[in-house]
Amino acid sequence: MSRKPELKGRAARLAQLLPPGGARGQAARAPFVLLVVVLLGGGLIGLLVLNSALSEGSFQLDDLKQRTKELTDEEQALQRDIDAYSAPRALQRRARELGMVPGGDPAFLAPDGTVKGSPSPAPTAASAPLVLAPEALTAATGGASAAGTEPPDPAPTPGTAATTAPTPTPAATTTPTPTPGR
């Protein structure tokens, strides 16, 4: 037989405010446990969603880095092509193919209308090639581009370039080699 001790004074007044029995501890503990379980579950779900989003972003970043590398390689190949086509020897060869000849000494007009220097016509070659449209050039080479896809040939010496007609080289009659990486 258990007896509760008698409370006096202030403790007795506080004991009257509380409901009697041991159910009070069980009833107050259940909402707290439920709240902790909901918070932990929500936190785990939030971490899972965050981890999935970070993984997806990582995959996209890898794809973009790979695409950037491919585009950089393509840009470098195109820049090499531009450099090859704009080299002086390649420009000279292309000008000869179009029938151009080196110009003579230039003459200049002064602001008052007088001519400074002695103008002279460009030297003409004995058998100057006919200037053809680009479409005709591509048809003549079997569909290959005649815009200088073959490697540039060595430049003639300055004394012979202006006086002799250009002769076709074996490289100009063969099929051009494809550009690597395309």
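The paragraphs below set out a description of the structure included in this document.

Reading the values: rules and limits
Residues numbered from 1 in each chain as written. Predicted model: local features only at pLDDT ≥ 70, side-chain atom pairs only at ≥ 80, totals over all residues. Heavy atoms only, no water. Helix = DSSP H or I, 4+ residues; strand = E, 2+ residues; numbered from the N terminus. Buried < 20%, exposed > 50% of the residue type's maximum accessible area, 1.4 Å probe, protein only. Areas by Shrake-Rupley, 256 points an atom, 1.4 Å probe, with all protein chains shown as cover. Patch = residues over 30% accessible without salt bridge, like charges linked within 9 Å, V, L, I, M, F, W, Y side chains within 5 Å. Salt bridge = Lys/Arg side-chain N within 4 Å of Asp/Glu carboxyl O. Contact = heavy atoms within 4.5 Å.

Describing the overall build of the protein
Consideration 1: Across its full length, the protein holds 6 helices and 2 strands.
Consideration 2: Across the 182 residues in the protein, those meeting the buried criterion constitute 8%.
Consideration 3: Of the roughly 15,000 Å² of accessible surface on the protein, 65% is carried by carbon and sulfur atoms.

Regarding a nonpolar patch on the surface
Consideration 1: There is a patch of nonpolar side chains on the surface, built from Phe 32, Val 33, Val 36, Val 37 and Leu 40 and spanning about 470 Å² of accessible area.
Consideration 2: Among the structural elements, Val 37 can be located in helix 2 (residues 23-85).

What about the environment of Pro 119?
Consideration 1: Of note, Pro 119 is situated in the loop between strand 2 (115-116) and helix 4 (134-140).
Consideration 2: In this structure Pro 119 comes out as exposed when scored by relative accessible area, which is 61%.
Consideration 3: Sequence separation of Pro 119 and Phe 108 is 11 residues, and the distance between their C-alpha atoms is 8.5 Å.
Consideration 4: If sequence neighbours within four positions are ignored, Pro 119 has contacts with Asp 105 and Ala 107.

Description of the pattern of salt bridges
Consideration 1: Scanning the model with the defined rule gives 4 salt bridges in all.
Consideration 2: Between Glu 97 and Arg 93 there is a salt bridge, with the nearest N and O atoms lying 3.1 Å from each other. Placement of both Glu 97 and Arg 93 in helix 3 (residues 88-97) is noted, with a separation of 4 residues, approximately one turn of the helix.
Consideration 3: With a shortest N-O distance of 3.3 Å, Arg 94 and Glu 97 are connected by a salt bridge. Here Arg 94 pairs with Glu 97, and both are found in helix 3, just 3 residues apart, close to one helical turn.
Consideration 4: Shared partners join several salt bridges into a network, and the residues in it are Arg 93, Arg 94 and Glu 97.

Spatial relationships are all this shows, so hold off on functional conclusions.
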